[in-house]
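Observations on the model geometry
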Amino acid sequence: MSHVGIVRCLLAAVLFGASAPAASKLAGEVPALVLAGLLYIGAGLAVVPSVVRTPPTAVALQRDWRPALVAVVAGGAVGPALLVAGLARAAAATASILLNLELAATVLLAAIVFREHIGRRVLAGAALVTVAGALLTWEPGAELSIGALLIAGACLAWGLDNGVTAKIDQLSPEQVVLLKGFVAGFANLGLGFAFAGGATDVSASQILAALAIGAAGYGASIVLWVKGARDLGAARGQLIFAAAPFIGAVIAWSVLGESVTVAQLLAVAIAAAGVGVSLESAHDHAHAHEAMEHEHEHSHDDGHHDHHHDEEVIGRHTHVHQHMPTEHHHPHVPDLHHRHRHRRRRWRRGRAA
């Protein structure tokens, strides 16, 4: 697997995990959905300078507007709406546990809809992290209800968002985050005010704090996740990113002085094992690449980007480039170049297929 992609998804998890304890300081003072809206708007504002410097081209918009629209609507509008409806009908204990289904939904859709190779290691890792998440958030009183189904639907919408976002290869991660941040932000903000009946009292300092937390914990975090998921695929990227709640728990223990329970320690250990299992999940078989043209970050030493530049370019860089048809075999994961179908009888398993 791409070490750069792994590091980026881990950094994304650290930033998002760190934002949870910080946002928890505001959660008791600002309505939940209003706070969520401000956090997402902060994410959008964080990438405005980058998007202004490098706006999307007409070609990029023409090629990627459909998947971008699906990602924005599913993750920024449908997901929050279903969550709000579910929270109004489900116990808090039920909601906390069911929100761990986002990882399972992402892996399921990645395998069935987006043709990602999953493999036993990723399935095992996702199962471990999902169980660890349920253990971390477990409270008595969880039950199956209409509200629980709505929350599960929200996780399915976010899983669809993750899968589609990982496939976008014309718009930059910053451009994707701008769209998702503002749509999700204003959708949550509108739902928050509607849910509260318009009666909210949020100070300027609280708004600024929420925007700042959102810029780092959502804006920078999502940019890193999108870049990492392009290198790893949605399932593997989300599995690593799912470490965020456990990172948040460690920060809460060490920085905020919150008490530690045996169940929490066990959950962190199980999640770490799940992420570790997934890190060696590449597979090796003969596969063909069709001719294509797209734009994404790449380097010339990865075996897939042997095009020439007028001036020497060293390291990772971004520009529109073409790929010629080729067929070869090497260990790989379902990144932007390896979304092919698999025939079991032809697989030549790698050391961790």
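Scroll up for the structure.
The rules behind the values
Counting from 1, residues in each chain are numbered in the order their sequence is written. Local features are withheld for residues below a pLDDT of 70 in this predicted model, meaning they are given only at 70 or higher, and side-chain atom pairs are given and counted only at 80 or more; totals for whole chains, interfaces and linings count all residues. Side-chain numbers come from the whole structure's heavy atoms, not from hydrogens or water. Labels follow the DSSP assignment, with helices taken as runs of H or I lasting at least four residues and strands as runs of E lasting at least two, numbered in each case from the N terminus. By definition here, a salt bridge exists when the distance from a side-chain nitrogen of Lys or Arg to a carboxyl oxygen of Asp or Glu is within 4 Å. Exposure classes here rest on a 1.4 Å probe applied to the protein chains alone. A residue is buried below 20% of its type maximum, exposed above 50%, and partly exposed in between. Take the buried Ala, Val, Leu, Ile, Met, Phe, Trp, Tyr and Cys residues and link them wherever side-chain atoms come within 4.5 Å; each set so joined is a nonpolar core. The criterion used for residue contact is that any of the two residues' heavy atoms lie within 4.5 Å. Two N or O atoms form a polar contact when they lie within 3.5 Å of each other; inside protein one atom must be a possible hydrogen donor and the other a possible acceptor, and for residues adjacent in sequence the pair counts only when both atoms belong to side chains. Each aromatic pair joins two rings of Phe, Tyr and Trp (for Trp, the six-membered one) with centres within 6.5 Å, and gets the label stacked for planes under 30 degrees apart, edge-to-face for over 60, and tilted for any other angle. Angles run from 0 to 180 degrees between N-to-C directions of axes, and those axes are lines fitted to C-alpha atoms, restricted for helices to the stretch in contact. By the definition adopted for this analysis, an angle is roughly parallel if under 35 degrees, roughly antiparallel if over 145, roughly perpendicular if from 65 to 115, and oblique otherwise. Only Asp, Glu, Lys and Arg are considered charged, only Ala, Val, Leu, Ile, Met, Phe, Trp, Tyr, Cys and Pro nonpolar, and every remaining residue, Gly among them, polar.

So, unusual backbone geometry
Within the chain, Arg-115 stands out as a residue other than glycine whose phi angle is a positive 60 degrees. Within the fold, Arg-115 resides in the loop between helix H5 (101–112) and helix H6 (119–137).

What about the pattern of salt bridges?
As enumerated under the stated definition, the model contains 2 salt bridges in all. The shortest N-O distance in the salt bridge between Lys-180 and Asp-161 comes to 2.9 Å. In this pair, Lys-180 sits in helix H8 (residues 173–195) while Asp-161 sits in helix H7 (residues 146–167), placing the two residues 19 residues apart along the sequence. A residue is classified by how much of its surface remains accessible, and Asp-161, at 6% relative accessible area, is buried.

Here we look at the environment of Pro-55
When you line up the elements, Pro-55 lands in the loop between helix H2 (32–53) and helix H3 (58–87). Since its relative accessible area comes to 48%, Pro-55 is described here as partly exposed. C-alpha separation for the pair Pro-55 and Ser-172, spaced 117 residues apart in sequence, amounts to 9.1 Å.

What to know about the nonpolar core
In a soluble, globular protein the nonpolar side chains are often hidden away together inside. Core analysis: the largest hydrophobic core is formed by 34 residues, its most contacted members being Leu-103, Val-129, Trp-225, Leu-239 and Phe-246. The set of elements that each furnish at least two residues to this core consists of helix H1 (3–27), H5, H6, helix H9 (204–232), helix H10 (234–241), helix H11 (244–254) and helix H12 (262–278). Ignoring anything within four residues of it in the chain, the contact list for Leu-239 reads Leu-103, Val-122, Gly-125, Ala-126, Val-129, Gly-274, Val-275 and Ser-278. If you look at the next biggest cluster of nonpolar residues, it comprises 19 residues, including Ile-41, Val-51, Leu-211 and Tyr-218.

Re the side chain of Glu-174
Relative to the assigned elements, Glu-174 resides in helix H8. Ignoring sequence-local partners within four residues, the contact set of Glu-174 consists of Val-47, Ser-50, Val-51, Val-223 and Lys-227.

Topic: the side chain of Ser-221
Looking at the secondary structure, you find Ser-221 in helix H9. A relative accessible area of 1% means that Ser-221 is categorised as buried. Within the structure, the side chain of Ser-221 is placed 2.7 Å from the backbone oxygen of Ala-12, a separation counted as a polar contact. Not counting chain neighbours up to four residues away, the residues in contact with Ser-221 comprise Ala-12, Leu-15, Phe-16, Ala-216 and Phe-241.

So, the packing of aromatic side chains
Inspection of the entire model under this criterion finds 4 aromatic pairs. Ring geometry for Phe-16 against Tyr-218: centres 5.2 Å apart, planes inclined by 65 degrees, an arrangement best described as edge-to-face. Of the two residues, Phe-16 is situated in helix H1 and Tyr-218 in helix H9; the sequence distance between them amounts to 202 residues. Where Phe-182 meets Phe-186, the ring centres are 6.2 Å apart and the plane angle is 45 degrees; that geometry is what we call tilted.

A word on the packing of H7 against H9
Between H7 and H9, the least distance of the axes is 8 Å, while the angle of their chain directions is 70 degrees. With respect to their mutual orientation, H7 and H9 come out roughly perpendicular. In this structure, H7 contributes Asn-162, Thr-165 and Ala-166 to the contact, and H9 contributes Trp-225, Val-226, Ala-229 and Arg-230. Each residue belonging to the contact of H7 with H9 can be placed in one class, and the counts come to 4 nonpolar, 2 polar and 1 charged.

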